[in-house]
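Take a look at the letters that make up each chain.
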Amino acid sequence: MPRVRCFLYITIVVAIISLSDSQLDYSERKMGPYRAVIRRMDHCEESGEKLMYSDSTKITKTGRNTYTYSANITSLIPVDDTIQATTDFAIWGNGGWRPHFMVFDIEHFCSVYRDYMPQLFTKLMNEHGISGCPIPPGTYRVMNVSLENLRNKIPTLPYGVFRADIIWNKNRTILGCERVYLDLLPLKASGNHKRKG
């Protein structure tokens, strides 16, 4: 199984947020510099063809406010620019999930990943002798990855408890869907944020 030490699972979300047309509704939300804490990763209730997925997820607390993430990420098809992705964020509030709080769509998934996460993409290329897009099918091990790089591309986001469905599709066929539960907390917060999931 190929091993990728600096490949960041959540870069999927980062790449989508960084370059997408979006539908945003956070007029009533506080926002600003943040730290992202992933609480849990699951498969979506509807995962389509299950050609792209992750498993063996491990979240490790490495400090008072820091975490690392490890997982196996598998794609049974080449990851290329014919793949589109949507990240649909629900926010927790008033005792339930409010769907479609933020929705981000992106086309040309492989190129966006390459252009917006160049260090991680280059490491993937170098470790496996790949010259660029497409990324070949395979299972890649993500080891002890931090989310600290997230703020480099997106300096401010609304605070809250979120559930993000990351949906990959091609020609309107769902290739896979992963669900990520995460908190976006004020950067200087103590971490006493109530979470749901």
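Residues numbered from 1 in each chain as written. Predicted model: local features only at pLDDT ≥ 70, side-chain atom pairs only at ≥ 80, totals over all residues. Heavy atoms only, no water.

What follows deals with the pairing of strand β6 (residues 67–75). For β6, the buried fraction is high: nine of the nine residues fall into the buried class. The two faces of β6 match: Tyr67, Tyr69, Ala71, Ile73 and Ser75 on one face and Thr68, Ser70, Asn72 and Thr74 on the other face are all buried. As defined by bridge partners, strand β5 (residues 52–61) adjoins β6 across eight bridges and the pair is classed as antiparallel. Across the sheet, residue Tyr53 finds its bridge partner in β6, namely Thr74. (Buried < 20%, exposed > 50% of the residue type's maximum accessible area, 1.4 Å probe, protein only. Helix = DSSP H or I, 4+ residues; strand = E, 2+ residues; numbered from the N terminus. Pairing = 2+ DSSP bridges.)

Side chains on a regular strand alternate between the two faces of the sheet. As judged from the eight bridges shared by strand β7 (residues 84–93) and strand β8 (residues 96–106), these two strands associate in the antiparallel manner. Note that in β8 the partner of Ala85 across the bridge is Ile106.

Further remarks concern the packing of aromatic side chains. Taken as a whole, this structure holds five aromatic pairs when the rule is applied. Here the aromatic rings of Phe89 and Phe104 are separated by 5.9 Å at their centres, their planes lie at 90°, and the arrangement is edge-to-face. Here the residue Phe89 occupies a position in strand β7, and Phe104 occupies one in strand β8, the gap between them amounting to 15 residues. Classification of Phe104 by relative accessible area gives buried; the value is 4%. An aromatic cluster of three or more residues is present, and its members are Phe89, Phe101, Phe104 and Phe162. Above the ring of Tyr181, the side-chain terminus of Arg40 is found at 4.1 Å from the ring centroid. (Phe/Tyr/Trp six-rings, centres within 6.5 Å; stacked < 30°, edge-to-face > 60°. Lys NZ or Arg CZ within 6 Å of the ring centre and 35° of its normal.)

Mapped onto the fold, Asp165 is located in strand β11 (residues 160–170). At a separation of 2.6 Å, a polar atom in the side chain of Asp165 contacts the side chain of Arg179. Once residues within four sequence positions are removed from consideration, Asp165 is found in contact with Cys44, Thr86, Thr87, Asp88, Cys177, Glu178 and Arg179. (Polar contact = N/O pair within 3.5 Å; in protein donor to acceptor, adjacent residues only side chain to side chain. Contact = heavy atoms within 4.5 Å.)

The predicted model of the protein has a mean per-residue pLDDT of 77, with 73% of residues at 70 or higher. Mean pLDDT values over the elements of the protein span from 36, in strand β1 (residues 3–4), up to 94, in β11. (pLDDT = per-residue confidence, 0-100.)

Right, let's talk about the side chain of Ser54 for a bit. Locating Ser54 in the fold gives a position in strand β5. For Ser54, a relative accessible area of 3% puts it in the buried group. Polar side-chain contacts of Ser54 include one of 3.0 Å to the side chain of Glu178.

Overall, the coordinates contain two disulfides when judged by the stated rule. A sulfur-sulfur separation of 2.0 Å characterises the disulfide bridge that pairs Cys110 with Cys133. Around the S-S axis, the bridge from Cys110 to Cys133 shows a dihedral of about -100° and counts as left-handed. Of this pair, Cys110 sits in helix α2 (residues 109–116) while Cys133 sits in the loop between α3 (118–128) and β9 (138–145); the two residues are 23 residues apart in sequence, bridging distant segments of the chain. Taking relative accessible area as the criterion, Cys110 reaches 1% and is therefore assigned buried. (Disulfide = S-S within 2.5 Å.)

Turning our eyes to something else, we now look at the nonpolar core. Counting 39 residues, the largest nonpolar core has Ile135, Phe162, Trp168 and Leu182 as the members making the most contacts within it. Of all elements in the fold, only β4 (34–43), β6, β7, β8, α2, α3, β11 and β12 (173–186) reach the threshold of two or more residues within this core. Beyond its immediate sequence surroundings of up to four residues, Leu182 is in contact with Val37, Ile38, Arg39, Phe89, Gly160, Val161, Phe162 and Ala164. (Core = buried A, V, L, I, M, F, W, Y, C linked by side-chain atoms within 4.5 Å.)

Turning next to the pattern of salt bridges. Here the structure, examined in full by the defined rule, presents four salt bridges. As a salt-bridge pair, Asp183 and Arg39 come within 2.9 Å of each other at their nearest N and O atoms. In this pair, Asp183 sits in strand β12 while Arg39 sits in strand β4, placing the two residues 144 residues apart along the sequence. Here Arg39 falls in the partly exposed class, since its relative accessible area comes to 22%. Asp165 serves as the salt-bridge partner of Arg179, at 2.6 Å between the closest nitrogen and oxygen. With a gap of 14 residues between them, Arg179 in strand β12 and Asp165 in strand β11 connect regions that are remote in the sequence. On the basis of relative accessibility, which here comes to 10%, the residue Arg179 falls in the buried class. In the salt-bridge network here, residues are joined through shared partners; they are Glu45, Asp165 and Arg179. (Salt bridge = Lys/Arg side-chain N within 4 Å of Asp/Glu carboxyl O.)

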